[in-house]
Amino acid sequence: MRIIDDGDTLPAMDALTIPTDLVSAVKTARHIAVLTGAGVSAESGVPTFRDAQTGLWARYSPEELATPQAFRRNPRLVWEWYEWRRRLVAQAQPNPAHLALVQLEQIVPRLTLITQNVDGLHRRAGSRNVVELHGSITRTICFDDRQVVESWADTGDVPPRCPRCGGLLRPDVVWFGESLPPDALQTAFAAAEQCDLFFSVGTSTVVQPAASLPFTALQAGVPVVEINPQETPLTPYARWTLTGPAGKVLPALLRHVTSEGKI
Ligand code: BV8
């Protein structure tokens, strides 16, 4: 079932466009797993990874900056890129997609929200059970001992130095070539295998191992819903494909799920 957003006016999200069997599946699910990507934060003004970088960063690709090698090569450049993103994220507000997922968590018996995003917007929106696969730009760690550092002296060093060991500070995110937090990964794959319904929202389904999660659900016989304005490698396998921005599609889905009486 496809909803086509012509980019101007989304078709009125009536019973014809939100599939009734999807509404029923949400209402009867005991455990829903949701994987989100950068597209969920796009309507908060946070650029996605596939969007062109703006300004100073236009000549770099995220894959060139978000690696330990890039940090070793030019720690100032990488630190300043994250400072720019931190400021961007601090000014961003959760959008209706984030808020719809908070509402979903409140009305289904169990929801596992798995995010690739590092912007912290799901938690700021009020989601409680958030699995951060790629860490969070809002936390800082020591490059050497990887312990979280809450505060540091402003010595003018860029990047600043760890107050414990003098190592360089870095964002607490998973860079390309780095392993994901084992607990988060284990929780995410267990949820994909055990849930009754799997949503993949706002992700290009490219970055591994996160991109394997919806396919893990499919292999376990779990129906998958994809919400994205564009097609992705997952689209041909999804039971439902809702083509449009998450900030419009998810609230419309929740309106249908809640308007026909309680779950
Ligand atoms: C690892 C933190 C072990 C940093 C990020 C297996 C096969 C192939 C490659 C690999 C593999 N295993 C490992 C790799 C290498 C690599 C990888 O996957 N490379 C890719 C490029 C092929 N993976 C890793 O290195 C991972 N580590 O596996 O460790 C290992 C180690 C060494 C060698 C082998 C294995 C670590 C990956 C984590 C990297 N860190 N983030 C930071 O943010 O600075 S990933 C980064 O990309 C972000 O977290 C982002 O969320 C994520 C994924 O991208 P998306 O979220 O999907 O965003 P994207 O921009 O791509 O797409 C946005 C989508 O939204 C689009 O589809 C668009 O249409 C849609 N959209 C737009 N607007 C809206 C919308 N949708 C809804 N509503 C809208 N309004």
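Structure: above.
Given the structure is predicted, the values throughout are model-derived calculations rather than measurements. (Residues numbered from 1 in each chain as written. Predicted model: local features only at pLDDT ≥ 70, side-chain atom pairs only at ≥ 80, totals over all residues. Heavy atoms only, no water.)

Draft legend 1. Up close: the site of the ligand. Surveying the vicinity of the ligand reveals 35 residues, the closest of which are Y82, R85, Q116, E178 and S204. The separation between an oxygen atom of the ligand and a polar side-chain atom of S204 is 2.6 Å. Burial of the ligand by the surrounding chains reaches 75%, relative to a free accessible area of 1400 Å². Using a 2 Å cut-off from the grid points, one finds that the ligand occupies the largest pocket. Elements represented by at least two residues in the shell around the ligand include exactly helix 2 (39–42) and helix 5 (75–91). Class assignment of the residues belonging to the shell around the ligand gives a composition of 17 nonpolar, 14 polar and four charged. (Near = heavy atom within 4 Å. Polar contact = N/O pair within 3.5 Å; in protein donor to acceptor, adjacent residues only side chain to side chain. Areas by Shrake-Rupley, 256 points an atom, 1.4 Å probe, with all protein chains shown as cover. 1 Å grid on protein atoms, 1.4 Å probe; cavity = no way out; pocket = protein on both sides within 12 Å on 5 of 7 lines; lining within 4 Å. Sits in = over half its atoms within 2 Å of the grid points. Helix = DSSP H or I, 4+ residues; strand = E, 2+ residues; numbered from the N terminus. Nonpolar A, V, L, I, M, F, W, Y, C, P; charged D, E, K, R; others polar.)

Draft legend 2. Structural context of helix 8 (residues 182–194). Along its 13 residues, helix 8 runs 18 Å from first to last C-alpha, staying within 8% of the 18 Å computed at 1.5 Å per residue. Check the buried side of helix 8 and you find it contacts strand 2 (31–36), strand 3 (110–115), strand 4 (130–132), strand 7 (197–201) and helix 9 (213–219). (Expected span 1.5 Å × (residues − 1). Contact = heavy atoms within 4.5 Å.)

Draft legend 3. Inspection of the pairing of strand 6 (residues 169–173) at higher detail. Taken across its five residues, strand 6 has five buried, putting it largely inside the fold. Two strands pair when backbone bridges link them, and strand 5 (residues 135–142) and strand 6 are joined in this way by five bridges, in the antiparallel orientation. Residue pairing for strand 6: G135 is matched across the bridge by V173. (Buried < 20%, exposed > 50% of the residue type's maximum accessible area, 1.4 Å probe, protein only. Pairing = 2+ DSSP bridges.)

Draft legend 4. Focus on the packing of aromatic side chains. Within this structure, the stated rule accounts for six aromatic pairs. When the ring of F71 is compared with that of W175, the centres are 5.4 Å apart and the planes differ by 35 degrees; the resulting orientation is tilted. You can see F71 sitting in helix 4 (residues 68–73) and its partner W175 sitting in the loop between strand 6 and helix 8, a full 104 residues away along the chain. A residue is classified by how much of its surface remains accessible, and F71, at 2% relative accessible area, is buried. Exposure remark for W175: the relative accessible area of 1% places this residue in the buried category. Ring geometry for W81 versus Y82: centroids 4.9 Å apart, planes at 70 degrees, classification edge-to-face. (Phe/Tyr/Trp six-rings, centres within 6.5 Å; stacked < 30°, edge-to-face > 60°.)

Draft legend 5. Representation of the environment of L113 within the structure. As for its position among the elements, L113 is in strand 3. By relative accessible area, L113 is classed as buried at 0%. Along the primary structure L113 and R128 are separated by 15 residues, whereas in three dimensions their C-alpha atoms are 8.7 Å apart. Once residues within four sequence positions are removed from consideration, L113 is found in contact with V34, T36, L101, H122, S127, N129, V130 and V131.

Draft legend 6. Highlighting the environment of N95. Position of N95 among the secondary structure elements: in the loop between helix 5 and helix 6 (96–107). Through-space distance from the C-alpha of N95 to that of L121 is 8.7 Å; in sequence the pair is 26 residues apart. Among the polar contacts listed, one links the side chain of N95 to the backbone nitrogen of A97, at a separation of 2.7 Å.

Draft legend 7. Structural detail: the packing of helix 1 (residues 20–28) against helix 10 (residues 246–259). Closest axis-to-axis distance for the helix 1/helix 10 pair is 10 Å, and the angle between their directions is 70 degrees. Regarding the angle of helix 1 to helix 10, the classification is roughly perpendicular. The hand of the helix 1/helix 10 crossing is right-handed. Residues L22, V23, V26 and K27 of helix 1 lie in contact with helix 10, whose contacting residues are L253, H256 and V257. For the contact of helix 1 with helix 10, the per-class residue count stands at five nonpolar, one polar and one charged. (Axes fitted to C-alpha atoms, helices over the stretch in contact; angles between N-to-C directions. Parallel < 35°, antiparallel > 145°, perpendicular 65-115°, else oblique. Left-handed = near helix turned anticlockwise from the far one by under 90°.)

Draft legend 8. Here's a closer look at the pattern of salt bridges. According to the stated counting rule, one finds eight salt bridges in the structure shown. A salt bridge links E80 to R76; its shortest N-O distance comes to 3.2 Å. Pair noted here: E80 and R76 are both in helix 5, with a separation of four residues, about one helical turn. Judged by its relative accessible area of 32%, E80 falls in the partly exposed class. Given the relative accessible area of 43%, R76 is considered partly exposed. Several salt bridges converge on common partners, so that one network encompasses R123, E132, R139 and D172. (Salt bridge = Lys/Arg side-chain N within 4 Å of Asp/Glu carboxyl O.)

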